Amino acid sequence: MYWIIFLTLQLICVLLGWQFPPIKKIIFKLMIFTFMLFMVDGYFNGIDWVNYYYGFITYTDLVEYFSSYEPLFGFEVYILKYLFTDFYLSVAMYYLILSVLLYFAIIKLRGLFDFNICLFLFLLIIINGIDLFNDQLRQAMAFVMAMFAFIQLLKNEKTRFIILSCLAICFHFSAAVVLLFYPLVKKNKISVIDRKSVV
């Protein structure tokens, strides 16, 4: 029921954005804010938080975090622990960072292609599943970093693409799959540009 309420609110925002295009960006910001609130509030219904909480209260130095998690995730949790000392506040701050990055990733992607940003966010949540964002903190951050990497690839910024891909991998090793996009986009770069110019 909790997630049905969340998805219903997001869908209402999509319909409002479609009905009132001049305020679409404001509605999109509201969707991101709602996303953040529901993810923070609903986080402890998941499974992964038990593992992270154990590490949060048990690990005392950076080496323990690095040996248990991917490097950047371990480093971020370590920093949040010593800034806020409270696990719930650290999770809230993590989601704030994630939400802001997601907002800018979608806005930057919107700069390359003409699409409905409200609908895009809604579909992103539906297609990837709420679990990606609500339960799997490392994968969610890696996913957003991979979005930034893909944007750089579309701009033909190879070095930035590789750097951002490596950052994504440092949040979750599964993000290495983003490197497979390089030969695909490189091969079809002309058709991608042509489609954009037609739109």
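Just so it is clear, the structure is predicted and the values come from calculations on it, not from any experiment.

Calculation rules
Residues numbered from 1 in each chain as written. Predicted model: local features only at pLDDT ≥ 70, side-chain atom pairs only at ≥ 80, totals over all residues. Heavy atoms only, no water. Helix = DSSP H or I, 4+ residues; strand = E, 2+ residues; numbered from the N terminus. Contact = heavy atoms within 4.5 Å. Polar contact = N/O pair within 3.5 Å; in protein donor to acceptor, adjacent residues only side chain to side chain. Salt bridge = Lys/Arg side-chain N within 4 Å of Asp/Glu carboxyl O. Buried < 20%, exposed > 50% of the residue type's maximum accessible area, 1.4 Å probe, protein only. Patch = residues over 30% accessible without salt bridge, like charges linked within 9 Å, V, L, I, M, F, W, Y side chains within 5 Å. Areas by Shrake-Rupley, 256 points an atom, 1.4 Å probe, with all protein chains shown as cover.

Visitor: So what exactly am I meant to see when it comes to the environment of Tyr2 here?
Guide: Secondary-structure assignment places Tyr2 in helix 1 (residues 2-19). Setting aside residues up to four positions removed in sequence, Tyr2 forms contacts with Leu37, Phe38, Asp41 and Gly42. Side-chain polar atoms of Tyr2 contact the backbone oxygen of Phe38, separated by 3.2 Å. Within the structure, the side chain of Tyr2 is placed 3.4 Å from the backbone nitrogen of Gly42, a separation counted as a polar contact.

Visitor: Looking at this structure, I do not really get the pattern of salt bridges. What am I missing?
Guide: If charged atoms from side chains of opposite charge come close, those side chains can pair. Tallying each qualifying case throughout the model produces two salt bridges. Put simply, Glu70 and Arg138 hold a salt bridge, and the shortest N to O gap is 2.8 Å. Within this pair, whereas Glu70 is found in the loop between helix 4 (62-68) and helix 5 (71-84), its partner Arg138 is found in helix 9 (residues 137-154), the two being separated by 68 residues in sequence. Arg138 gets classed as buried once you look at its relative accessible area, which sits at 18%. Here Asp114 makes a salt bridge to Arg110, at a shortest N to O gap of 3.0 Å. In this structure Arg110 comes out as partly exposed when scored by relative accessible area, which is 33%.

Visitor: Would you mind going over a nonpolar patch on the surface with me for this structure?
Guide: The grouping of Met1, Ile4, Ile5, Leu9, Ile12, Leu16, Phe20, Ile23 and Ile26 at the surface amounts to a nonpolar patch, some 870 Å² of accessible area in total. For the nonpolar patch, the element with the highest residue contribution is helix 1, accounting for five residues. As for its position among the elements, Ile4 is in helix 1. Using a relative accessible area of 54% as the deciding quantity, one classes Ile4 as exposed.

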